[in-house]
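The primary structure of each chain is shown beneath.
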Amino acid sequence: MEAVIEKTVQFVKDVLANAEGGHDWWHIHRVWNNAKQIAQHENVDLLIVELGALLHDIADSKFHNGYEEIGPKKAREFLQSLAVEEAVIDQVEKIIRHISFKGEKNVQVFTSPELDVVQDADRLDALGAIGIARAFSYGGHKNRRLYDPNCKPKMGMGKAEYKNHEGTTINHFYEKLLLLKDRMNTATGKKLANERHVFMEQFLEEFFKECDGKN
């Protein structure tokens, strides 16, 4: 297991060497650490959890013209090259395929204890101070407007609409980030998410005060 993890870490570092700052190796590193922390309190296969965390963004569809199968395919090919058991590869593929938030109305069709852990770990990195930083990093990468008071958040989107939606970075807080707290799976994930959620609410309160010239 240790050798597989070490080789996976190096593979991910190499593949994501020039990735956008919110989806680079350090995002993976934080999610990996979050996953290991949460897994301590859950009955899970740690190898699947660690590989799922390390490979979950190996080829994010956002950076590949929306093609959702490239990540699972790339992960499978790599794990097969290490002769990882098929049962493990299958679970890691499913984690990669089902981990992402795909709109407020999207219904997740696959669950597993390992996905629960990795999904919580990934969602934690979209919350709190890190989540704020990542939101503006990606917004800048996509040349999105920071904030427009005439452009309101679009709530209740399904998968296709969410995937193609273009709004402001501030709206992204309402369309996704502030919804994550109530979508956490594990007790540890929920506790940590609550703390980070509060910080984001405080940030937004200050943001709008400054926009209105009240601070």
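Before reading on, note that the structure itself is shown above.
To keep things clear, this report deals only with the structure shown in the data block. These figures come from a predicted structure and were not determined experimentally.

1. Considering the overall build of the chain
Thinking step 1. The helix and strand tally for the chain stands at 10 helices and 0 strands.
Thinking step 2. A globule of 215 residues ought to have a C-alpha radius of gyration of about 17 Å, and the chain, at 17 Å, matches this closely.
Thinking step 3. Sorting the 215 residues of the chain into buried and exposed places 48% on the buried side.
Thinking step 4. Partitioning the contacts of the chain with sequence separation of at least 6, the portion at a separation of at least 24 is 67%.
Thinking step 5. Side-chain charges in the chain split into 29 positive and 34 negative, and the spacing between the mean points of these groups amounts to 4 Å.

2. Let's talk about the nonpolar core
Thinking step 1. Ranked by size, the top nonpolar core spans 56 residues in total, and within it Val12, Leu51, Leu55, Leu79, Val92 and Phe173 carry the most contacts.
Thinking step 2. When residues no more than four places from it in sequence are discounted, the contact partners of leucine 55 are Thr8, Phe11, Val12, Ala75, Phe78, Leu79, Val92 and Ile96.

3. Regarding helix H3 (residues 46-55)
Thinking step 1. Along H3, 9 of the 10 residues are buried, which leaves the element largely enclosed by surrounding structure.
Thinking step 2. For H3, the complete set of buried residues consists of Leu47, Ile48, Val49, Glu50, Leu51, Gly52, Ala53, Leu54 and Leu55.
Thinking step 3. Where H3 is buried, its residues touch helix H1 (2-15), helix H2 (25-39), helix H4 (70-81), helix H5 (86-98) and helix H6 (113-124).
Thinking step 4. Where H3 begins, the side chain of aspartate 45 points an oxygen toward the backbone nitrogen of leucine 47, at a separation of 3.0 Å.

4. Quick word on the environment of glutamate 86
Thinking step 1. Within the fold, glutamate 86 resides in helix H5.
Thinking step 2. Separated by 10 residues in sequence, glutamate 86 and arginine 76 place their C-alpha atoms 9.2 Å apart.
Thinking step 3. Residues in contact with glutamate 86, not counting those within four places in the same chain, are Arg76 and Gln80.

5. A word on the packing of aromatic side chains
Thinking step 1. For the coordinates displayed, the defined rule picks out 10 aromatic pairs.
Thinking step 2. Aromatic side chains phenylalanine 11 and phenylalanine 78 sit 4.0 Å apart centroid to centroid with 5 degrees between the ring planes, which places their arrangement in the stacked category. Of this pair, phenylalanine 11 sits in helix H1 while phenylalanine 78 sits in helix H4; the two residues are 67 residues apart in sequence, bridging distant segments of the chain.
Thinking step 3. On the basis of relative accessible area, phenylalanine 78 is assigned to the buried category, the value being 10%.
Thinking step 4. Grouped by ring-pair contacts, the aromatic residues Phe136, Tyr147, Phe173, Phe203, Phe207 and Phe208 constitute a single cluster.

6. Let's talk about the state of the cysteines
Thinking step 1. For the structure on display, the rule yields 0 disulfides.
Thinking step 2. A disulfide-free cysteine, cysteine 151 has its sulfur positioned 14 Å from the sulfur of cysteine 211, the nearest such atom.

7. Things to note about helix H7 (residues 128-141)
Thinking step 1. For H7, spanning 14 residues, the distance from its first C-alpha to its last is 20 Å, which sits close to the expected 20 Å at 1.5 Å a residue.
Thinking step 2. For H7, the full list of buried residues reads Gly128, Gly131, Ile132, Arg134, Ala135, Tyr138 and Gly139. Projected down its long axis, H7 shows its buried positions confined to an angular sector of 165 degrees, all on one face.
Thinking step 3. The inward-facing, buried residues of H7 abut H2, helix H9 (169-175) and helix H10 (187-211).
Thinking step 4. Just past H7, the residue asparagine 143 takes up positive phi, approximately 55 degrees.

Thresholds applied
- Residues numbered from 1 in each chain as written.
- Predicted model: local features only at pLDDT ≥ 70, side-chain atom pairs only at ≥ 80, totals over all residues.
- Heavy atoms only, no water.
- Helix = DSSP H or I, 4+ residues; strand = E, 2+ residues; numbered from the N terminus.
- Rg over C-alpha atoms; globule rule 2.2 N^0.38 Å.
- Buried < 20%, exposed > 50% of the residue type's maximum accessible area, 1.4 Å probe, protein only.
- Contact = heavy atoms within 4.5 Å.
- Lys, Arg positive; Asp, Glu negative; His and termini not counted.
- Charge placed at Lys NZ, Arg CZ, Asp CG, Glu CD.
- Core = buried A, V, L, I, M, F, W, Y, C linked by side-chain atoms within 4.5 Å.
- Polar contact = N/O pair within 3.5 Å; in protein donor to acceptor, adjacent residues only side chain to side chain.
- Phe/Tyr/Trp six-rings, centres within 6.5 Å; stacked < 30°, edge-to-face > 60°.
- Disulfide = S-S within 2.5 Å.
- Expected span 1.5 Å × (residues − 1).
- Arc of directions from axis to C-beta.

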